[in-house]
Amino acid sequence: GEQLGITEIYADLLPTDKVRIVRELQQIADIAMVGDGINDAPALAAAKVGVAMGRVGSDAALEIADMVLMTDNLTKLVAAVNLSRKAQSVIQQNVVFALGFIGILVIGNFLGAIGLPLAVLGHEGSTVLVTLSGLRLLRSSHAV
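The sections below set out a description of the structure shown in this document. The model shown is predicted, which means the values in this text are computed figures rather than measured ones.

If you trace the backbone, Ser133 turns up in helix α5 (residues 116-134). Among residues more than four places away in sequence, those in contact with Ser133 are Val90 and Asn94.

Turning next to the nonpolar core. Within soluble globular proteins, side chains that are nonpolar generally end up buried alongside one another. Val19, Val22, Ile31, Met33, Ala43, Leu44, Ala47, Ala52, Ala61 and Ala65 together form the largest nonpolar core, which totals ten residues. Contributing elements (two or more residues each) for this core: α1 (15-26) and α2 (41-46). The residues touching Ala52, leaving out its near neighbours within four places in the chain, are Gly35, Ala61, Leu62, Ala65, Met67, Val68 and Leu69. Counting residues in hydrophobic clusters, the runner-up holds six residues, among them Leu4, Met53, Leu69 and Leu77.

What follows concerns the pairing of strand β2 (residues 49-53). Within β2, four of the five residues are buried, leaving the element largely enclosed by the surrounding structure. Bridge count for strand β1 (residues 32-35) against β2 is four bridges, and the pairing is parallel. Within β2, the residue paired with Met33 across the bridge is Gly50. Taken together, β1, α2 and β2 form a β-α-β motif whose crossover is right-handed.

Right, let's talk about the sheet that holds strand β3 (residues 67-69) for a bit. Read from one edge to the other, the open sheet built from three strands follows the order β1-β2-β3, with strand pairing classed as parallel. At either end of the open sheet lies a strand with only one pairing partner, and these are β1 and β3. Mean inter-strand twist for the sheet, computed between neighbouring axes without regard to direction, equals 20°. In the sheet, β2 pairs with β3 via three bridges, with the strands oriented parallel. Residue pairing for β3: Val51 is matched across the bridge by Met67. This element, helix α4 (residues 75-110), spans β1, β2 and β3 of the sheet and lies at about 135° to β3.

Cut-offs used in this document
Residues numbered from 1 in each chain as written. Predicted model: local features only at pLDDT ≥ 70, side-chain atom pairs only at ≥ 80, totals over all residues. Heavy atoms only, no water. Helix = DSSP H or I, 4+ residues; strand = E, 2+ residues; numbered from the N terminus. Contact = heavy atoms within 4.5 Å. Core = buried A, V, L, I, M, F, W, Y, C linked by side-chain atoms within 4.5 Å. Buried < 20%, exposed > 50% of the residue type's maximum accessible area, 1.4 Å probe, protein only. Pairing = 2+ DSSP bridges. Right-handed = clockwise from strand over helix to strand, strands pointing away. Axes fitted to C-alpha atoms, helices over the stretch in contact; angles between N-to-C directions.

Don't take any of this as a statement about function, it's just geometry.
Laid out in structure tokens, this is it:
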């Protein structure tokens, strides 16, 4: 919890208490629930993101969870959250770059500064750059 900046952690609860707490907290913010047993399945379903522990997780927990950690190592959850944050950042950068570049190409084409063949070539080149930019995530994904 500390590594993710989580201030409130609930543990050793009955299944009904888990669901009640998840639903109460869900009114305030998006909630992630981490569990491994059949008694965790209802709370995993009620949470915004349900995370099941794969190695010892029950079939019910694994089936209902949004994300399954293939090991019982919670540090993998930290790595997965960090990777998803990095992915969100890369996606935003790529969208801004692509839209900006396309905007320049369209304006340049309408003003006659860029011919259509060169604009198409520029567009395809920007697609390659966006793809290469997305591949940066591969460096970070080996930790998950």
